[in-house]
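# Descriptive structure summary
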Amino acid sequence: DWVDVVDVINSTVERCRKVFPDRAIEVQLAPDLPLIRGDSVLLGQVLFNLIDNADKYGGAEPIRIYARRDGDELALSVVDMGKGIPEKELEQVFEKFFRRGKPDGRAPGTGLGLPIARGFVEAMGGTIKAESPAQKRKGTRMILRFPIEDMPVEAETIS
Ligand code: ATP
Ligand code: MG
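Predicted model, so just to flag it, every value in this text is computed and none were measured.

Thresholds, definitions, all that
Residues numbered from 1 in each chain as written. Chains lettered and ligands numbered in written order. Predicted model: local features only at pLDDT ≥ 70, side-chain atom pairs only at ≥ 80, totals over all residues. Heavy atoms only, no water. Core = buried A, V, L, I, M, F, W, Y, C linked by side-chain atoms within 4.5 Å. Buried < 20%, exposed > 50% of the residue type's maximum accessible area, 1.4 Å probe, protein only. Helix = DSSP H or I, 4+ residues; strand = E, 2+ residues; numbered from the N terminus. Pairing = 2+ DSSP bridges. Near = heavy atom within 4 Å. Polar contact = N/O pair within 3.5 Å; in protein donor to acceptor, adjacent residues only side chain to side chain. Areas by Shrake-Rupley, 256 points an atom, 1.4 Å probe, with all protein chains shown as cover. 1 Å grid on protein atoms, 1.4 Å probe; cavity = no way out; pocket = protein on both sides within 12 Å on 5 of 7 lines; lining within 4 Å. Sits in = over half its atoms within 2 Å of the grid points. Phe/Tyr/Trp six-rings, centres within 6.5 Å; stacked < 30°, edge-to-face > 60°. Lys NZ or Arg CZ within 6 Å of the ring centre and 35° of its normal. Points joined across faces, edges and corners; volume = space filled by probe spheres on them. Nonpolar A, V, L, I, M, F, W, Y, C, P; charged D, E, K, R; others polar. Expected span 1.5 Å × (residues − 1).

Our focus in this paragraph is the nonpolar core. Counting 38 residues, the largest nonpolar core has Ile 9, Ile 36, Leu 43, Leu 50, Ile 51, Val 78 and Leu 144 as its most contacted members. Put simply, the parts of the chain that give this core at least two residues each are helix H1 (5-19), helix H2 (40-57), strand E4 (63-70), strand E5 (73-80), helix H3 (113-123), strand E6 (127-131) and strand E7 (140-147). With seven residues, H2 is the single largest residue contributor to this core.

Within a regular strand, side chains alternate between the sheet's two faces. Taken across its eight residues, E5 has seven buried, putting it largely inside the fold. Bridging between E4 and E5 involves seven bridges; their strand directions are antiparallel. Directly across from Asp 70, in E5, lies its bridge partner Glu 73. A loop of two residues connects E4 with E5, the two strands running antiparallel in sequence, and Gly 71 in this loop sits at a positive phi of about 65 degrees. Bridging between E5 and E7 involves eight bridges; their strand directions are antiparallel.

As a structural note, the neighbourhood of ligand 1 is formed by 18 residues, with Tyr 57, Asp 80, Arg 99, Thr 110 and Leu 114 the closest of them. Here an oxygen atom of ligand 1 sits 2.7 Å away from a polar atom, N or O, in the side chain of Thr 110. Contact with the protein chains covers 93% of the free accessible surface of ligand 1, which is 590 Å². Spatially, ligand 1 is embedded in the largest pocket.

Let us look at the packing of aromatic side chains. A full pass over the atoms with the stated rule returns one aromatic pair. Taking NZ or CZ as reference, Arg 37 lies 4.8 Å from the ring centre of Trp 2, over its face. Directly above the ring of Phe 94 sits Arg 118, whose terminal nitrogen or CZ lies 3.9 Å from the centroid.

What follows is about the layout of surface pockets. Estimates place the volume of the largest pocket at around 610 Å³. In this structure, the largest pocket is lined by 31 residues; those nearest its centre are Asn 53, Tyr 57, Val 93, Arg 100 and Leu 114. Of the residues contributing to the lining of the largest pocket, the split by class is 13 nonpolar, nine polar and nine charged.

Time to look at the environment of Ala 123. Note that Ala 123 resides in helix H3. The exposure class assigned to Ala 123 is exposed, which follows from its relative accessible area of 60%. Here the alpha-carbon distance between Ala 123 and Phe 20, two residues 103 residues apart in the chain, equals 28 Å.

Along its 18 residues, H2 runs 26 Å from first to last C-alpha, staying within 8% of the 26 Å computed at 1.5 Å per residue. Leu 43, Gly 44, Val 46, Leu 47, Phe 48, Leu 50, Ile 51, Asn 53 and Ala 54 are the residues of H2 that are buried. The opening residue of H2 is Asp 39, an N-cap whose side-chain oxygen sits 2.8 Å from the backbone nitrogen of Val 41. Just past H2, the residue Gly 59 takes up positive phi, approximately 75 degrees.

Following this line, the structure appears as structure tokens:
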């Protein structure tokens, strides 16, 4: 199926503003974003999980969501300004049940959000990775990339 990323972002952010009423979410979308292949429900779940994480681990500043075209890919990112993730754990956070830090005193969760998100993104032909500025340890950026394919011209419209 073809997915309108703008629709998915807007509806998911609307839902998140109700679930996390105290959290500012800012959205910056490039104009004329192409459709991607995949499933709107899965992409909405992924975004919801990333915003949930940014809310839980992301500090007090607003969560920012960006989408733009980058060559033949659509790049989508969810950015927070929390304490970030140390470099050696940037890949581990995508492992099942991996949770950072000591069990006592951390936000509730099961450590499945990111592995599931990666599974959904890969099922759509995309990739997801985490970045955290190495020196300042300020904030986390979750970056998703999806291939942009040409929309096939329907046979009926030709004949
Ligand atoms: P669940 O999503 O299943 O409720 P969870 O949030 O702990 O639980 P994941 O979403 O898979 O599980 O995240 C794994 C771990 O990665 C988290 O426990 C947290 O330590 C770390 N993490 C995830 N997102 C961020 C973020 N935005 N900033 C800092 N750490 C993060
Ligand atoms: Mg989570």
